[in-house]
Amino acid sequence: MSHQPQVNRRHFVKTTAGLSSGLLLSFMVPAYGRRLQKLLQPTNDAITFAPNAFLRIGNDNSIRILLSHVEMGQGIWTTLTMLIAEELDADWKQIKVEHCPVDKAYNHTAWGMQI
């Protein structure tokens, strides 16, 4: 009679977490550090954090969302801002939504133009 090991979910999670934690590597790319420093520079007498082209977070907890999509009944202005407010745990009154200006940063990723 052979003994078959029984693996339960808890044992599996513990084992894979222990094995995979050794694979975590950390490094810094100097070019990214300069880019991050540029994003954090003060603009218009207020410090603004801009993690990407579409989101600006002010030092007064105000959030400005720049949308490149046009509202045509699908609820992009309301739904997207609600999702961002929920993810950032932000006050709904602190959020402002605007159309994004013409800039290459707002180009469509597949078509390479702002449409």
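Residues numbered from 1 in each chain as written. Predicted model: local features only at pLDDT ≥ 70, side-chain atom pairs only at ≥ 80, totals over all residues. Heavy atoms only, no water.

Q: Which parts of the structure should I look at to understand the overall build of the protein chain?
A: Each helix and strand counted, the protein chain has three helices and four strands in total. Ordered by position from the N terminus, the helices and strands of the protein chain form the series α-α-β-β-β-α-β. Buried residues in the protein chain amount to 15% of all 115 residues. Long-range pairs, those at least 24 residues apart, make up 37% of the contacts in the protein chain with a sequence separation of at least 6. Accessible surface, the protein chain: about 10100 Å² in total, of which carbon and sulfur atoms supply 58%. (Helix = DSSP H or I, 4+ residues; strand = E, 2+ residues; numbered from the N terminus. Buried < 20%, exposed > 50% of the residue type's maximum accessible area, 1.4 Å probe, protein only. Contact = heavy atoms within 4.5 Å. Areas by Shrake-Rupley, 256 points an atom, 1.4 Å probe, with all protein chains shown as cover.)

Q: What's the story with the nonpolar core in this structure? I'm lost.
A: One broad rule of soluble globular proteins: the nonpolar side chains tend to lie buried together. Core analysis: the largest hydrophobic core is formed by eight residues, namely L55, I63, I65, L67, I76, I84, A85 and I95. Contributions of two or more residues to this core are made by strand 3 (63–67) and helix 3 (76–88). Here I63 is in contact with L55, R56, I57, L88, A90, Q94, I95 and K96, once residues within four sequence places are set aside. (Core = buried A, V, L, I, M, F, W, Y, C linked by side-chain atoms within 4.5 Å.)

Q: What exactly am I supposed to notice about the packing of aromatic side chains here?
A: Under the defined criterion, the tally for this structure stands at one aromatic pair. Between the aromatic rings of F54 and Y106, the centroid separation amounts to 5.3 Å while the plane-to-plane angle is 70°, which identifies the pairing as edge-to-face. In this pair, F54 is assigned in the loop between strand 1 (48–52) and strand 2 (55–58) and Y106 in the segment after strand 4 (95–99), connecting sequence segments 52 residues apart. Taking relative accessible area as the criterion, Y106 reaches 6% and is therefore assigned buried. (Phe/Tyr/Trp six-rings, centres within 6.5 Å; stacked < 30°, edge-to-face > 60°.)

Q: Just checking my understanding: could you explain the sheet that holds strand 2 for this structure?
A: In sheet architecture, strand pairing relies on hydrogen bonds along the backbone and comes in two forms, parallel and antiparallel. Spatial strand order, 1-2-3-4: four strands in an open sheet with mixed pairing. The open sheet has two free edges, formed respectively by strand 1 and strand 4, since each of these has just one partner strand. Taking each pair of neighbouring strands and ignoring which way they run, the sheet shows an average axis angle of 20°. Where strand 3 lies against strand 4, five bridges are found, and the strand directions are parallel. The residue bridging R64 from the neighbouring strand is K96, located in strand 4. (Pairing = 2+ DSSP bridges. Axes fitted to C-alpha atoms, helices over the stretch in contact; angles between N-to-C directions.)

Q: How should I be thinking about helix 3 in this particular structure?
A: Given 3.6 residues per turn, any residue in an α-helix points the same way as the ones three and four places further on. Here helix 3 is 13 residues long and its end C-alpha atoms lie 18 Å apart, about the 18 Å a rise of 1.5 Å per residue gives. Regarding helix 3, the residues found buried are I76, T81, I84 and A85. Burial along helix 3 is one-sided: seen end-on, the buried residues are contained in an arc of 140°. Facing away from the buried side of helix 3, by more than 90 degrees, are the exposed residues E86 and E87. The secondary structure elements touched by the buried residues of helix 3 are strand 2, strand 3 and strand 4. Residue D89 follows helix 3 closely and has a positive phi angle near 50°. (Expected span 1.5 Å × (residues − 1). Arc of directions from axis to C-beta.)

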